[in-house]
Amino acid sequence: MESELSVRDVLTSEYVGVSESDTVLDVVRLMREERTSCALVVRGSEPVGIVTEWDVLELIAGEGEPSATTVDEVMTTPVITVDPARSLTDVATTMARQNIRNVVVDGPDGIVGLVTQRDVIAAASSFQATMTPARSSEPPIDRDRGIAEPATAPPAGEGEAAVLPNGGDEYTTQGVCEACGSLADALWDANGQLVCSDCRTV
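A. Expanded view of the pairing of strand β5 (residues 102-107). Within β5, five of the six residues are buried, which leaves the element mostly enclosed by the surrounding structure. The pairing of strand β4 (residues 81-82) with β5 spans two bridges and is parallel. Counted as the bridge partner of Thr 81 is Val 104 from β5. In this structure, β5 lies alongside strand β6 (residues 110-116), joined through six bridges in antiparallel fashion.

Next comes the structure, spelled out in structure tokens:
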């Protein structure tokens, strides 16, 4: 992932906003309806907290009652806010260090949107795809003679000769592990999740 990518390039502008007095049950229903893993808690136009699926699970594990619990009792606060122009690499590092999956993008005129862990991973994968040269199965043409010449393999360690050790399921870009939340130099596909090498061996 290059530093030229900024938060503005990948942020999710649509988000679920709730108030501190809403019940957790109402928020869960809204999150399910909108198919999102978090809801931003706002007071007017100011972000004061965030409710994630993990906050809800913690409430349930503690035998709390979602219909009788308000958002202000379970929300994570304070929220981490970032500027839209900030480097995506910096934000991914912050998310990994803080062990969080969502940050709020706050501009001069208020909340611009959210950057989620999935946004970071999708951006990294998309960038890698655009930077990977297309493979050609056709041999080069000798234009003077009009015939195809046999293709020669590049020396070991150059170009296509660098083969991935596991058959190609490694994402060679830096990203955030979906299992442990840590920033990794390489991500692996394991059961539909992009994980670091440590989580891949578990």
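After presenting the structure, the write-up continues.
B. Main features of the sheet that holds strand β3 (residues 46-52). Overall, mixed pairing links the three strands, which are arranged β1-β2-β3 in an open sheet. Edge strands, defined here as strands with exactly one partner in the open sheet, are β1 (17-18) and β3. Bridge count between strand β2 (residues 38-43) and β3: six bridges; the pairing is antiparallel. If you follow Ala 39 over to β3, its bridge partner there is Val 51.

C. Molecular detail of the layout of surface pockets. Computed from the structure, the largest pocket encloses a volume of approximately 850 Å³. Of all the elements in the fold, those that place two or more residues in the lining of the largest pocket are β3, α3 (53-61), β5, β6 and α6 (117-131). The greatest single-element share of the lining of the largest pocket, amounting to four residues, is contributed by α3. Across the lining of the largest pocket, the residue classes break down as 14 nonpolar, 11 polar and 10 charged.

D. Highlighting the sheet that holds β4. Taken in spatial order, the three strands line up as β4-β5-β6 in an open sheet, and their pairing is mixed. Two strands lie at the open edges of the sheet, namely β4 and β6, each paired on one side alone.

E. Summary view of the side chain of Thr 69. Topologically, Thr 69 is positioned in the loop between α3 and α4 (71-74). Judged by relative accessible area, which is 9%, Thr 69 ranks as buried. Among residues more than four places away in sequence, those in contact with Thr 69 are Asp 22, Thr 23, Val 24, Leu 59 and Val 74.

F. Highlighting the side chain of Gln 117. Assignment of secondary structure puts Gln 117 in helix α6. With relative accessibility at 4%, the residue Gln 117 sits in the buried group. Dropping the residues within four chain positions of it, Gln 117 is found in contact with Met 95, Arg 101, Val 176, Cys 177, Glu 178 and Gly 181.

The rules behind the values
Residues numbered from 1 in each chain as written. Predicted model: local features only at pLDDT ≥ 70, side-chain atom pairs only at ≥ 80, totals over all residues. Heavy atoms only, no water. Buried < 20%, exposed > 50% of the residue type's maximum accessible area, 1.4 Å probe, protein only. Helix = DSSP H or I, 4+ residues; strand = E, 2+ residues; numbered from the N terminus. Pairing = 2+ DSSP bridges. 1 Å grid on protein atoms, 1.4 Å probe; cavity = no way out; pocket = protein on both sides within 12 Å on 5 of 7 lines; lining within 4 Å. Points joined across faces, edges and corners; volume = space filled by probe spheres on them. Nonpolar A, V, L, I, M, F, W, Y, C, P; charged D, E, K, R; others polar. Contact = heavy atoms within 4.5 Å.

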